[in-house]
Amino acid sequence: MRTFHVIKREPLSRKKQIIIRLLYILGAILMSSLFILAAGANPLEVFAGIISGSLGSMHRFSSTIAKTVPLIILSLGILVAFKMKFWNIGAEGQFLIGGVGATFIVLNFPDLPLPLMLILMAATAMVFGAIWLLIPAIFKAKFNTNETLFTLMMNYIALSLVTYLQYDAWKDPGASGMPKIISFPANAVLPEINGFNIGIIIAAVLVVAMYFYMNHSKTGYEISVLGESPNTAKYVGINTTKTMIKGVLISGALCGLVGMIQTSGVSGTLSVELTGGMGFTAIITTWLSGLSAPLIVLTSFLFGILIQGGSYIQTAFQIPASVAEVIQGLILFFVLASEFLLRYRIVKKDGGKKA
Amino acid sequence: MSIELILSAGVKAGTCLLFATLGEILSERVGHLNLGVEGMMQIGAVMGFMAGLYSGSPLLALGAAAISAALGALIYALLTVTFKTNQIVTGLALTIFGTGFATFFGDQYIGEKVPDTITSAFAPYAIPGLSQIPVIGDALFNQSPYVYFSYIAVVVCAIYLYKTKWGLNTQMIGENPMAADASGIPIDLYKYINITIGGALAGLGGAFLSLVYLTTYQGDVVLGRGWIAVALVIFVTWNPVRAIVGAYFFGILATIGFRIQQYDWSPSIYLLDALPYIVTVIVLVIMSIRKSKDNQAPAWLGNDYFRENR
């Protein structure tokens, strides 16, 4: 006998959607507070620490932005793939390989003038990232090989490759045995404006471009249709393989570009610590945005605050930065649960008939 | 280094992978790709260690590891089964949560040793007769009872999946939930049970690391092994018996890579780390090309099932 029944609901008004989401985020914050209390710390102190640690001064704010920028661009890349229901969870690997591409240029052509150097680095990073995602995509198109698992594996292959380069092939002999690749020369470093590297401008341009591409271009439309229903796409005469490959190239190129921005603008070299797991975090920021380019800015900024604030409270109050990870996880759980109530509703059924 | 020693170290290194792989097989067999393995292993590693440290009881340590990780899996099950959330995103959320959870509770124990009562309970025990088998005897039958426990887990999983009605129903749900639903199988219940037991197994894999493999607590105990387990599930084609071979193969690879470093032998040692993943990719591709019925991923893997959409 079933007395409760789950059915799909009509789309809610925007206002109601936002209210439900906010209520759930509030729930997540309450839950996090309980967790922090149970661990013997003061939740208010932790939250205040996260806010002041990420937004409290110009320097901290720029650190937060430095963490937001890669998340935004990675999320845009993932967005294109997810719109096609191509589950690219290999952003981490494309990011790393992009870093390899950029570093390859620096090591082989160290004397190029700055603008040319940066353009060449970015282009190579994008090509490398695109190829890294193209490999699973080709197998997906030809043999319907599962792209989720394939792209996941590509992350680890990329990581092993970078380990090899850092500890062996590209190891700096002048670093007295330290396994590191040389720091980039000044002509390979992204310029800064008032303490922000120009990655922020690149990210802003890309967000706007992506918005128009997805909503107002033919390919963007085709990508959406393909994601909604491959059959419909074929019916209306879309070349599904070609569209998928196009989308995949954009996705991989964007994630690869982040490899260039981070090596050149933030870490100053390539290392196995380049990504900091951001390729995975970006999957979540993309999903939370509801696959909308403008909202990616918001979700990425929120996670930038959590990451930066988390590392701040560690140094300032000796509260482990892992609190921020726990909060991230809890927020995600709650927001994911809220999506259910946005899409479905539970109704009481009169009869006990088996459906 | 002798072949016996390499095999023995490989089995030891592979045991945590074996537990986690078995768990992920159970989950994927009902169609749920749980990328939270890494997080659940982390939870199991830290909770198992804490329970062991304070109680000194090996059984309580195992229980704490299994139950805490199963609770993590339960969150995943609630979200993906009942709330129909995206499996990939939910699994990643669980990994982030579990990693944070483990670091938060575990960091205060860095450097602490496992109590002697537990170390002696889990000390290697040579099984008379079997451990005398040439080459493999020592590796397989002169190990910690925790390792023997993993053999039991393999046998139980295999019998469950292939020889019981429940196991056959489980497989049907992963292949064709519509048909399973139509034949009256309580799909959601099966999913909950499989996913939760899968989590418990992942937790036991994590606790093997903190209680037996390392014995002194470290910052990040699991170190990405949860992701290797996700790869292994593909490599062993969702088969719990093959999971033994796969887990030890990966364990031996890890051991060899580690040993070779000492000899400063070849430039490719860092590339050797990529080998398990490359092999996994090749297996994945071959399976999709051959389309043989036996070795495929469960057809419904990664998709949620919503009756109204039928």
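Residues numbered from 1 in each chain as written. Chains lettered and ligands numbered in written order. Predicted model: local features only at pLDDT ≥ 70, side-chain atom pairs only at ≥ 80, totals over all residues. Heavy atoms only, no water.

A. Fine view of the overall build of chain B. Each helix and strand counted, chain B has 14 helices and two strands in total. In terms of overall dimensions, chain B is globule-like: its C-alpha atoms have a radius of gyration of 19 Å, near the 19 Å expected for 310 residues. Along the longest, intermediate and shortest principal axes, the C-alpha atoms of chain B span 60 × 45 × 40 Å. Here chain B, with 310 residues, has 59% of them falling under the buried criterion. A sequence separation of at least 24 residues applies to 77% of the contacts in chain B between residues at least 6 apart. Entry remark: accessible area of chain B is about 12,100 Å², with carbon and sulfur atoms responsible for 67%. (Helix = DSSP H or I, 4+ residues; strand = E, 2+ residues; numbered from the N terminus. Rg over C-alpha atoms; globule rule 2.2 N^0.38 Å. Buried < 20%, exposed > 50% of the residue type's maximum accessible area, 1.4 Å probe, protein only. Contact = heavy atoms within 4.5 Å. Areas by Shrake-Rupley, 256 points an atom, 1.4 Å probe, with all protein chains shown as cover.)

B. Region of interest: the side chain of Arg29(B). Residues and elements named next belong to chain B. Mapped onto the fold, Arg29 is located in helix α1 (residues 3-29). Look at Arg29: it is buried, it has no salt bridge, and the nearest opposite charge is Glu175 at 5.1 Å. Here Trp238 takes part through its backbone oxygen, which lies 2.7 Å from a polar atom of the side chain of Arg29. Those residues in contact with Arg29 that lie beyond four places of it in its chain are Leu161, Tyr162, Thr170, Gln171, Ile173, Gly174, Trp238 and Pro298. (Lys, Arg positive; Asp, Glu negative; His and termini not counted. Salt bridge = Lys/Arg side-chain N within 4 Å of Asp/Glu carboxyl O. Polar contact = N/O pair within 3.5 Å; in protein donor to acceptor, adjacent residues only side chain to side chain.)

C. Representation of the confidence of the model for chain A in the model. Residue and element names in this part refer to chain A. The predicted model of chain A has a mean per-residue pLDDT of 89, with 96% of residues at 70 or higher. Element-level mean pLDDT values for chain A span from 70 in strand β1 (residues 4-8) up to 97 in helix α4 (residues 91-108). Predicted confidence for residues 351-355 stays below pLDDT 50, and this span has eight contacts to residues more than four positions away or in other chains. (pLDDT = per-residue confidence, 0-100.)

D. Seen up close, the packing of aromatic side chains. Summed over the entire model, instances satisfying the criterion amount to 30 aromatic pairs over all chains. Look at Phe235(B) and Phe250(B): their rings are 5.2 Å apart centre to centre, the planes differ by 50°, and that puts the pair in the tilted class. With Phe235(B) in helix α11 (residues 225-235) and Phe250(B) in helix α12 (residues 240-263), this residue pair connects regions lying 15 residues apart in the sequence. Residue Phe250(B) is classed as buried on the basis of its relative accessible area, which comes to 4%. Three or more aromatic residues joined by ring pairs form one cluster here, namely Phe35(A), Phe333(A), Phe97(B), Phe101(B), Phe104(B) and Phe105(B). (Phe/Tyr/Trp six-rings, centres within 6.5 Å; stacked < 30°, edge-to-face > 60°.)

E. Region of the structure containing the side chain of Ser210(B). All names here are of chain B. Here Ser210 shows up in helix α10 (residues 187-213). Assessed through its relative accessible area of 1%, Ser210 is described here as buried. At a separation of 2.8 Å, a polar atom in the side chain of Ser210 contacts the main-chain carbonyl oxygen of Ala45. The contact partners of Ser210, leaving out residues within four places of it in the chain, are Ala45, Phe49, Val114, Thr215, Tyr217 and Val221.

F. Up close: the nonpolar core. Counting residues in hydrophobic clusters, the biggest one holds 199 residues, and the most contacted among them are Met121(A), Leu152(A), Met260(A), Tyr146(B) and Leu211(B). For this core, the element with the most residues is α10(B), which contributes 13 residues. Aside from chain neighbours lying at most four places away, what touches Leu211(B) is Gly48(B), Phe49(B), Ala61(B), Val114(B), Ile118(B), Phe122(B) and Tyr146(B). (Core = buried A, V, L, I, M, F, W, Y, C linked by side-chain atoms within 4.5 Å.)

G. The arrangement of the environment of Ile193(A) in detail. Relative to the assigned elements, Ile193(A) resides in strand β2 (residues 192-193). With sequence-adjacent residues up to four places away left out, Ile193(A) is seen in contact with Ile198(A) and Ile201(A).

H. Here's a closer look at the environment of Leu26(B). Residue and element names in this part refer to chain B. The residue Leu26 is located in helix α1 in this model. Measuring from C-alpha to C-alpha, the distance between Leu26 and Ala182 comes to 22 Å, with 156 residues separating the pair along the chain. Each residue touching Leu26, except ones within four places of it in the same chain, is listed here: Cys157, Tyr160, Leu161, Asn194, Ile197, Gly198 and Leu201.

I. Region of interest: the pattern of salt bridges. Residues and elements named next belong to chain A. One pass over the structure, following the stated rule, counts two salt bridges over all chains. With a closest N to O distance of 3.0 Å, Glu147 and Lys140 form a salt bridge. Judged by relative accessible area, Glu147 falls into the buried class, the value being 4%. Between Glu222 and Lys218 there is a salt bridge, with its nearest N and O atoms 3.3 Å apart. Residue Glu222 and its partner Lys218 are both found in helix α8 (residues 218-228); the two are separated by four residues, about one turn of the helix. Judged by relative accessible area, which is 12%, Glu222 ranks as buried. Exposure remark for Lys218: the relative accessible area of 64% places this residue in the exposed category.

J. Region of interest: helix α12 (residues 293-317) of chain A. Given a rise of 1.5 Å per residue, 25 residues ought to cover 36 Å, and the 36 Å separating the end C-alpha atoms of α12(A) matches this to within 8%. Residue Gln318(A) follows α12(A) closely and has a positive phi angle near 60°. (Expected span 1.5 Å × (residues − 1).)

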